[in-house]
Amino acid sequence: MIQTWQVGSATVTRIEEQVGPNDAVASGFIPDIVRERFEKHLDWMVPAHYDPGRDRLITSCHSWLIRSGGRTILVDTCGGNHKERPWLPRFHMQDRPYLQRLAAAGVSPADIDTVLCTHLHADHVGWNTRLENGRWVPTFPNARYLYSRVEDERWNPEIGDRRAKHPDRARVYDDSLSPVIAAGQAVLIDMEHEIDTRLQVRPAPGHTPGQVLLVLREGRGGIFCGDAIHHPVQVYEPSWNNRADEQPEVARATRRSLLEGCADSGALLFPTHFAAPHVVAIERRAEGFAPKFVEAGK
Ligand SMILES: [Zn+2]
């Protein structure tokens, strides 16, 4: 099932890797949850966004395929196949038909001209590479892979004693970034960067210091915000951080300004981890914000 949203003359297609319950209970995934406020949202969260029997938030991991002005862009590349991630059970040694789903959307790996990794966590860089005869090679042979210089400085294992200190992070970098760099396809960008007049990269720090988002300036607009927000309940509660948000106050400020921007402009929000229908517009309410889910085809 191909899900595509029209944004001006651009199309945005969701390429799914996986949807399911988190490994942790809800307050493990979002430690700021205040239970009585959380439970006010059960009516719309169950069953697509929350499994009350197991107390698990349900999240997706998908890429956004944007076709705009002759470009074919992939935003974030999920966890990837065959990657050893024993510390991340949901992403460990996956074998999923991600490339078949890309093909079903009418795109071959060679068609992708630009990959943007909003940040370098394992679930955003995995399909940067694939295993070929025992070697990791770039999945998208004709693409420039963009990610922020600040983000690279955060994760590059060759800096200081990082490799010894953070072997898990080094493993992600080694199998998902280094082969792209070796192939000459990596492009380190500033956190403000123009891909062209319709596609602009902007800072979205907090989840990680170097996270960026992508603004699509067509029609009503679209914002591809990576992990600035993980779950739609955070639209109502922008101060609730995810467990992986490295800079708590910065993450809250980024999330709030993202929601304000969407509410003011009407732009659609395309996060990486929202479960179905995956895309929201943001409405302003007296008490803050509310998500308005937007089904594919709209
Ligand atoms: Zn993520």
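Structure shown above.
Residues numbered from 1 in each chain as written. Predicted model: local features only at pLDDT ≥ 70, side-chain atom pairs only at ≥ 80, totals over all residues. Heavy atoms only, no water.

Trainee: Any chance you could explain the packing of aromatic side chains here in plain terms?
Mentor: Aromatic ring pairs are described here by two measures, namely the spacing of the ring centres and the angle between the planes. Going through the model one piece at a time under the given rule, you end up with nine aromatic pairs. When the centroid spacing of 4.9 Å and the interplanar angle of 90° are considered together, the rings of Phe-38 and Tyr-50 count as edge-to-face. In this pair, Phe-38 sits in helix H2 (residues 35–39) while Tyr-50 sits in strand S3 (residues 50–51), placing the two residues 12 residues apart along the sequence. Both residues of the pair, Phe-38 and Tyr-50, belong to the buried class. Look at Tyr-98 and Trp-127: their rings are 5.1 Å apart centre to centre, the planes differ by 10°, and that puts the pair in the stacked class. (Phe/Tyr/Trp six-rings, centres within 6.5 Å; stacked < 30°, edge-to-face > 60°. Helix = DSSP H or I, 4+ residues; strand = E, 2+ residues; numbered from the N terminus. Buried < 20%, exposed > 50% of the residue type's maximum accessible area, 1.4 Å probe, protein only.)

Trainee: Looking at this structure, how should I read the pairing of strand S12 (residues 199–203)?
Mentor: Along any regular strand, the residues point their side chains to alternate faces of the sheet. Sheet analysis places strand S11 (residues 193–196) next to S12, joined by three bridges and oriented antiparallel. Paired with Glu-194 across the bridge in S12 is Gln-200. Taking the residues that link successive antiparallel strands as the turn, the S11-S12 hairpin has two residues. Where S12 meets strand S13 (residues 212–216), five bridges bridge the pair, whose relative direction is antiparallel. Looking across to S13, one finds that Pro-203 is bridged to Val-212. (Pairing = 2+ DSSP bridges.)

Trainee: Even after reading the chapter, I still don't get the coordination of the zinc ion, so can you show me in this structure?
Mentor: Any two of four tetrahedral donors ideally make an angle of 109.5 degrees at the metal, while pairs among six octahedral donors ideally make 90 or 180 degrees. The zinc ion binds to the protein through Asp-123 (OD), His-124 (NE2), Asp-227 (OD) and His-273 (NE2); the donor distances cover 2.1 to 2.2 Å. Taken together, the four donor atoms coordinating the zinc ion and their angles of 86 to 160° define a geometry best described as irregular. Within one chain, the residues donating to the zinc ion are spaced in sequence as D-H-x102-D-x45-H. Residue Asp-123 is found in helix H5 (residues 122–125), and its partner Asp-227 is found in the loop between strand S14 (222–224) and helix H10 (233–236); the two are separated by 104 residues along the sequence. Exposure class is identical for Asp-123 and Asp-227. Each is buried. (Donors = N, O, S within 2.8 Å, 3.2 Å for Na, K, Ca; no water. Tetrahedral: all angles 85-135°; square planar, octahedral: opposite > 155°, others 65-115°.)

Trainee: What is the right way to look at the nonpolar core in this model?
Mentor: Looking at soluble globular proteins, one finds that nonpolar side chains tend to be buried together. Core analysis: the largest hydrophobic core is formed by 26 residues, its most contacted members being Leu-65, Leu-74, Leu-102, Ile-112, Val-115, Leu-120 and Phe-140. Listing elements by their share of this core, those giving two or more residues are strand S4 (56–68), helix H4 (98–104), H5, strand S9 (144–148) and helix H8 (167–176). Residues contacting Leu-120, with those up to four places away along its chain left out, are Val-125, Tyr-147, Glu-151, Asp-152, Trp-155, Val-172 and Leu-177. Judged by nonpolar contacts, the second largest core, of 24 residues, contains Ile-73, Ile-189, Met-191 and Ala-281. (Core = buried A, V, L, I, M, F, W, Y, C linked by side-chain atoms within 4.5 Å. Contact = heavy atoms within 4.5 Å.)

Trainee: Which parts of the structure should I look at to understand the side chain of Thr-139?
Mentor: Here Thr-139 is to be found in the loop between strand S8 (135–138) and S9. For Thr-139, the side chain forms a polar contact with the main-chain oxygen of Thr-129, separated by 3.2 Å. A distance of 3.3 Å separates a polar side-chain atom of Thr-139 from the backbone nitrogen of Arg-130. Discounting residues that sit within four places of it in the chain, Thr-139 has contacts with Leu-99, Pro-109, Trp-127, Asn-128, Thr-129, Arg-130 and Tyr-145. (Polar contact = N/O pair within 3.5 Å; in protein donor to acceptor, adjacent residues only side chain to side chain.)

Trainee: I tried to follow the pattern of salt bridges on my own but got confused; where do I start?
Mentor: A side chain with one charge may pair with a side chain of the opposite charge, provided their charged atoms come close. Following the criterion strictly, the structure yields 21 salt bridges and no others. The partner of Glu-237 in a salt bridge is Arg-37, with the nearest N and O atoms 2.7 Å apart. A residue pair is termed long-range when its members are at least 10 positions apart, and Glu-237 in the loop between H10 and helix H11 (248–265) and Arg-37 in helix H2 qualify at 200 residues. The salt bridge partner of Arg-163 is Asp-174, with a shortest N-O separation of 2.8 Å. Taken together, the residues Arg-163 in helix H7 (residues 162–165) and Asp-174 in helix H8 connect sequence positions 11 residues apart. With a relative accessible area of 33%, Arg-163 lands in the partly exposed category. Linked through salt bridges whose partners overlap, the residues forming this network are Asp-32, Glu-249 and Arg-252. (Salt bridge = Lys/Arg side-chain N within 4 Å of Asp/Glu carboxyl O.)

Trainee: Help me out: how do you make sense of unusual backbone geometry in this one?
Mentor: Glycine aside, residues mostly have negative phi, and peptide bonds are mostly found in the trans state. The amide bond that connects Val-46 to the next residue, Pro-47, takes the cis arrangement and shows omega of 5°. Of note, Pro-47 is situated in the loop between helix H3 (42–45) and S3. A cis amide bond links Ala-276 to the next residue, Pro-277, at an omega of 5°. Note on placement: Pro-277 falls in the loop between strand S15 (268–270) and strand S16 (280–285). For Cys-78, which is not glycine, the phi torsion reads 55° and is therefore positive. Although it is not a glycine, Asn-133 adopts a positive phi angle of roughly 50°. You can see Asn-133 is positioned in the loop between strand S7 (129–132) and S8.

Trainee: Mind showing me how you'd approach the environment of Asp-23 here?
Mentor: Inspection of the secondary structure puts Asp-23 in the loop between strand S2 (10–21) and helix H1 (26–29). Counting along the chain gives 67 residues from Asp-23 to Arg-90, while the straight-line C-alpha distance between them is 7.3 Å. Excluding residues within four positions of it along the chain, Asp-23 makes contact with Arg-56, Pro-89 and Arg-90.

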